[in-house]
Amino acid sequence: MPAAGDSAALRTPLDAADDRILTRVFAAYMVSATAWLLFTTAVGLLVSFKFAYPDLGTAPALSFGRLRAIHTNGTFYAWASQALVGLALYIAARSSGTRLYSERLAWVTLALLNVAAVAGTVALDLGLSNAQEYREWPWWIRCILGAGLATAAWNMIATVATRDSEDIYLSNWYTIGGTLWTIIIVLVALMPWYQHGLGQVAVQAFFMHNAVGLWFTPLALGVFYYALPKTLSRPIYSYSLGIFAFWTNLVFYPIIGAHHFEFSPLPWWLQTTAIVFSVAMLVPVLAGSANFLLTLHGRYERIQRSPAIFIVFGVFGYLLGSMQGTVEAFRSLQQLWHLTNYTVGHSHMTMYAFISFAIWGGVYALLPRATGKYPDNLAMGIHFWLSAVGVAIYVIALSAAGTIQGLVWLRGLPFIQSVVDAAPYWLWRAVGGTLMFLGHIVFAVNVWAMIFGRTRSDRSAAAPAVAAA
Ligand code: HEM
Ligand code: HEM
């Protein structure tokens, strides 16, 4: 029996029928998630052009307030969540050397996530909003989302329960743990007695940060722990370090949400605790990042022309974005950066450079193994560079704009001065966003090739015919 950290544990074959079911499910989640990526980032792009050209699309259905929430909730719960759940189900079966517990349940999950996303998008565009960030969807739609997560957790747990080894592979700790915690977070945020007053602020802080810290982060890390050893053909550097990062993540993350509401009427001790724990977050972040980078050590040649390049970029997105978050949490810097564009830069440094790159790394590493169909290397490279350069421009432009806005406000200058000063950077953000969006179109073409394209054997069979023609 392979040891838990051994890459052999990642490689157990299924029988052909089970294999086909798993591939079908995995492919369907990726198609759906990719469609949402295109839609929600097209909306994000339109919103970014509205900063530079405020008269663009003035109908209520195209107004900034509605489209912004459609972009944020859609990228969160449709693009990233569907992609991560699809990857987590695939990893659960593959790393456990067993079949997916229930294909039907997997379709129910995908249907619930899509019903929630469509209903949420339509509701927001009609102006029906809960007006709390990242939980703008009306409560009954968030119940559907919660049901989707519950069915996903059930399928993951039941799949891993029938594994052929004693140990549960590290990735499943992260993906199952993250899904269970998120169900709790969604439920807490629905409780009627936390919908007003200071309780509402505290719960909003709890929800907001845990949506990113206990949902997207553990799922994306779970993908790293499986996809990185796969692409490098070697085990993860340290299984124990991975477990250590898992538990410290759980100890420190849940309490740091109050750093979103510093200088608010929330108890001062709660804000201070949140800041202290934001610093403590360096422990799991450094442990996790070191584990990934040490796994990579000595295999740098494997990064080029392989999905590992997305994973490595994602690891740096995680490391730098989280360290940026720690610094941002200090009161002295919150005074400067809170409510400015700097936070939006941090959001994309993390949700894009970390989470979205982790998903892309996982999809490019695992989908071809499932379908036997590979994307064109050049097309994968074009996607990488468009998204990488695009997000770099995005984050640098907004970090500069946010710092300038903060300085203008601290000096007590008229608000309009900060608008005038930030305007050129907003145009740069739109330029970066355009590159990112073009990258997503190339990604969609690659997903198509990985699912509906030709296998490598088809291509080599066609090659002599092409040469003869
Ligand atoms: C083409 C790519 C993208 C573009 C052009 C874009 C653009 C934007 C814009 C213009 C905003 C509003 C910012 C503001 O109010 O000042 C925004 C907010 C946001 N976007 Fe994106 N975005 C893109 C991709 C993504 C992706 C893939 C994700 C997540 C996976 C994401 C997550 C967010 C979040 C969390 C916010 C809220 C930021 C905050 O309030 O701090 N974006 N985006
Ligand atoms: C050590 C880890 C981290 C710390 C200490 C941290 C800290 C912070 C702080 C202090 C803010 C508030 C900024 C403000 O309102 O002025 C913030 C916002 C945010 N963070 Fe992080 N962050 C961390 C990691 C992450 C990760 C990994 C993600 C994504 C997966 C993320 C996503 C976000 C988002 C989306 C916001 C914007 C929230 C809003 O709209 O107000 N953060 N973070």
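Residues numbered from 1 in each chain as written. Chains lettered and ligands numbered in written order. Predicted model: local features only at pLDDT ≥ 70, side-chain atom pairs only at ≥ 80, totals over all residues.

1. Some remarks on the packing of helix α10 (residues 308-329) against helix α12 (residues 341-371)
For any two helices packed against each other, one specifies the crossing angle of their axes together with the interaxial distance. Across the interface, α10 lies against α12 with an axial gap of 8 Å and an inter-helix angle of 155 degrees. Between α10 and α12, the crossing angle belongs to the class labelled roughly antiparallel. The element α10 and its partner α12 pack so that their crossing is left-handed. Across the interface between the two elements, Phe310, Ile311, Phe313, Gly314, Gly317, Tyr318, Leu320, Gly321, Gln324, Gly325 and Glu328 from α10 touch His346, Met349, Thr350, Ala353, Phe354, Phe357, Ala358, Trp360, Gly361 and Tyr364 from α12. Of the residues belonging to the contact of α10 with α12, the class tally is 12 nonpolar, 8 polar and 1 charged. (Axes fitted to C-alpha atoms, helices over the stretch in contact; angles between N-to-C directions. Helix = DSSP H or I, 4+ residues; strand = E, 2+ residues; numbered from the N terminus. Parallel < 35°, antiparallel > 145°, perpendicular 65-115°, else oblique. Left-handed = near helix turned anticlockwise from the far one by under 90°. Contact = placed C-beta atoms within 7 Å. Nonpolar A, V, L, I, M, F, W, Y, C, P; charged D, E, K, R; others polar.)

2. Considerations on the packing of helix α8 (residues 268-280) against α10
Between α8 and α10, the shortest axis-to-axis distance is 9 Å and the interhelical angle comes to 155 degrees. The angle between the axes of α8 and α10 places the two elements in the roughly antiparallel class. Of the two possible hands of crossing, α8 and α10 adopt the one that is left-handed. Along its contact with α8, which presents Ile275, Ser278 and Val279, the element α10 presents Gly325, Thr326 and Ala329. Residues of the contact of α8 with α10, tallied by class, amount to 3 nonpolar, 3 polar and no charged.

3. Examining the site of ligand 1
Near ligand 1, the surroundings consist of 23 residues, among which Gly44, Ser48, Thr75, Met351 and Gly433 are the closest. Looking at the shell around ligand 1, the elements with two or more residues in it are α1 (16-52), α2 (64-96), α12 and α14 (415-452). In terms of residue count, the dominant contributor to the shell around ligand 1 is α12 (9 residues). Considering only residue class, the shell around ligand 1 consists of 10 nonpolar, 12 polar and 1 charged. (Near = placed C-beta within 6 Å.)

4. Considerations on the environment of Leu293
Tracing the chain through its elements places Leu293 in helix α9 (residues 282-296). Placed 65 residues apart in sequence, Leu293 and Leu228 show a C-alpha to C-alpha distance of 10.0 Å.

5. Concerning the site of ligand 2
Looking at ligand 2, there are 27 residues lining it, with Ser278, Met281, Ser322, Gly325 and Thr350 nearest. Mapped by element, the contributors of at least two residues to the shell around ligand 2 are α6 (197-232), α10, α11 (331-337) and α12. Per-element accounting of the shell around ligand 2 gives the leading share, 7 residues, to α12. Residues belonging to the shell around ligand 2 are distributed by class as follows: 11 nonpolar, 14 polar and 2 charged.

6. Section: the nonpolar core
Leu84, Leu89, Ala220 and Phe224 are the most contacted members of the largest nonpolar core, which has 132 residues in total. With 19 residues, α6 is the single largest residue contributor to this core. If we skip the residues at most four places from it in the chain, Phe224 touches Phe292, Ile311, Val315 and Ala358. (Core = buried A, V, L, I, M, F, W, Y, C linked by C-beta atoms within 7 Å. Buried ≥ 20, exposed ≤ 12 C-beta atoms within 10 Å, placed from the backbone.)

7. Comments concerning the environment of Asp125
As for its placement among the helices and strands, Asp125 is situated in helix α3 (residues 103-125). Between the C-alpha atoms of Asp125 and Ala69, which are 56 residues apart in sequence, the distance is 8.9 Å. Beyond its immediate stretch of four places on either side in the chain, Asp125 contacts Ala61, Arg66 and Ile70.

8. Here we look at α14
Its 38 residues place the ends of α14 53 Å apart at the C-alpha level, agreeing with the 56 Å of an ideal helix rising 1.5 Å per residue. At Ala423, α14 shows its strongest bend, of approximately 40 degrees, with the proline Pro424 following within four residues. (Expected span 1.5 Å × (residues − 1). Bend = angle between axes of the 7 residues up to and from the residue.)

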